[in-house]
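# Structural description and commentary
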Amino acid sequence: MSTHTETPKTTKVSPMTAPAIQARKNGEKICCMTAYDYSSGVIADSAGMDLVLVGDSLAMVVLGYEDSLSVTMDEMIHHVRATRRGVKNALLVADMPFMSFRTVETALENAGRFIQEGGARAVKLEGGVPVVPQIQALTDAGIPVMAHIGLTPQHVAKFGGFKAQGKSVEAAKALIEDAQAVEAAGAFCVVVEAVPVEVAQLITDAVDIPTIGIGAGNVTDGQVLVYHDVLGLFDRFTPKFVRKYAQQGKEAIEVFGQYINDVRLGRFPGDKNTFYLSDDVAAQVRKIKVKKKK
Ligand code: KIV
């Protein structure tokens, strides 16, 4: 029996950098998770994520908007700053919200804010060929860019809903063109969302930068999922490509129910949760005469 085990090529640095992520093409799978504040940042980072994304999914899973179109730069910055305080090792990437990169100038200004005010070390933006000038300009300015093609939720109105993309020969070819265009513009990796696995394989083979899949099968160089989906904290809908590893929303409701019962029945707080005076002070305090004010 052979004892040989194949060890994938891997480049791990701490803190993680965009070039180190890029060097993981065809190497150890890149593991990414979204996070939106200090505590979710600490948890994702402590678990060993390579990359933590403050996604504009913030709009839905944290802020309760219908879709990701309403979240603003200021709201995103607030959450990037909070996440920064929790993430020590993973590469922190900030997602550029809808309309924040419509021109090269706005892209530079807003991505610059994410780096300077938010403490992010890279930005993500949605789109392929049409956003090549923005990716090029950001990369030239020293800001690493994670591209995002396929089902780009900021184009949900154009797609007519959250639908898988690249399902025809022509659409598949267009996605390959998008991937090669963002690579040529300087992106260090590309998110490929909701495309058939055969197309994800073609895209992955067509570029030398890592592909990070979400709903793109297991052929990409890495995977990304939304924090609240993985933990079962978001109940509005669950896309087919999500694996819920926990039911923390349900568990929290049960736990809070126990707390409510304990408070109502006088079982909380208990002795362990209570401050007591020393015996002599307690004896003196008991002698204090309290007069009710009318
Ligand atoms: O906003 C987000 O969370 C994302 C990821 C799911 C890729 O764009």
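About the thresholds
Residues numbered from 1 in each chain as written. Predicted model: local features only at pLDDT ≥ 70, side-chain atom pairs only at ≥ 80, totals over all residues. Heavy atoms only, no water. UniProt positions renumbered as here; feature names shortened; annotations may be inferred. Buried < 20%, exposed > 50% of the residue type's maximum accessible area, 1.4 Å probe, protein only. Helix = DSSP H or I, 4+ residues; strand = E, 2+ residues; numbered from the N terminus. Arc of directions from axis to C-beta. Contact = heavy atoms within 4.5 Å. Salt bridge = Lys/Arg side-chain N within 4 Å of Asp/Glu carboxyl O. Near = heavy atom within 4 Å. Polar contact = N/O pair within 3.5 Å; in protein donor to acceptor, adjacent residues only side chain to side chain. Areas by Shrake-Rupley, 256 points an atom, 1.4 Å probe, with all protein chains shown as cover. 1 Å grid on protein atoms, 1.4 Å probe; cavity = no way out; pocket = protein on both sides within 12 Å on 5 of 7 lines; lining within 4 Å. Sits in = over half its atoms within 2 Å of the grid points. Nonpolar A, V, L, I, M, F, W, Y, C, P; charged D, E, K, R; others polar.

- The name an unreviewed UniProt entry gives the protein chain is 3-methyl-2-oxobutanoate hydroxymethyltransferase, with Pseudodesulfovibrio cashew as the organism.
- For the protein chain, the Sequence similarities (unreviewed entry) comment in UniProt is given as "Belongs to the PanB family."
- UniProt's Catalytic activity (unreviewed entry) comment on the protein chain is quoted here verbatim: "(6R)-5,10-methylene-5,6,7,8-tetrahydrofolate + 3-methyl-2-oxobutanoate + H2O = 2-dehydropantoate + (6S)-5,6,7,8-tetrahydrofolate".

## Digging into helix 6 (residues 132-140)
- Looking at helix 6, one finds that the buried residues are Gln134, Ile135, Ala137 and Leu138. Relative to the axis of helix 6, the buried residues are bounded by an arc of 165° and lie together on one face.
- Residues of helix 6 that are buried sit in contact with helix 5 (104-116), strand 4 (122-126), strand 5 (145-150) and helix 8 (169-185).
- Backbone geometry just downstream of helix 6 places Gly142 in the positive-phi region, at approximately 90°.

## Focus on the environment of Gln136
- By the secondary structure assignment, Gln136 is in helix 6.
- Relative accessible area serves as the criterion here: at 35%, Gln136 is assigned to the partly exposed category.
- Taking C-alpha positions, Gln136 is 26 Å from Glu170, a pair spaced 34 residues apart along the chain.

## A closer look at the pattern of salt bridges
- Under the defined criterion, the tally for this structure stands at eight salt bridges.
- Put simply, Arg113 and Asp74 hold a salt bridge, and the shortest N to O gap is 3.0 Å. Within this pair, whereas Arg113 is found in helix 5, its partner Asp74 is found in helix 4 (residues 73-86), the two being separated by 39 residues in sequence.
- With its nearest N and O atoms 3.9 Å apart, the salt bridge here joins Glu170 to Lys173. On the criterion of helical spacing, the pair formed by Glu170 and Lys173 is a turn pair, its members being three residues apart in helix 8. By the burial criterion, Glu170 is exposed, and Lys173 matches it.

## Quick word on the site of the ligand
- Every residue lining the ligand is accounted for by Thr34, Leu53, Gly55, Asp56, Ser57, Asp95, Lys124, His148, Ile214, Val224 and Val226.
- Lys124 places a side-chain nitrogen or oxygen 3.1 Å from an oxygen atom of the ligand.
- Coverage of the ligand by the protein chains reaches 96% of its 250 Å² of free accessible surface.
- If you map the ligand onto the pockets, it falls in the largest pocket.
- Its residues assigned to classes, the shell around the ligand shows four nonpolar, four polar and three charged.

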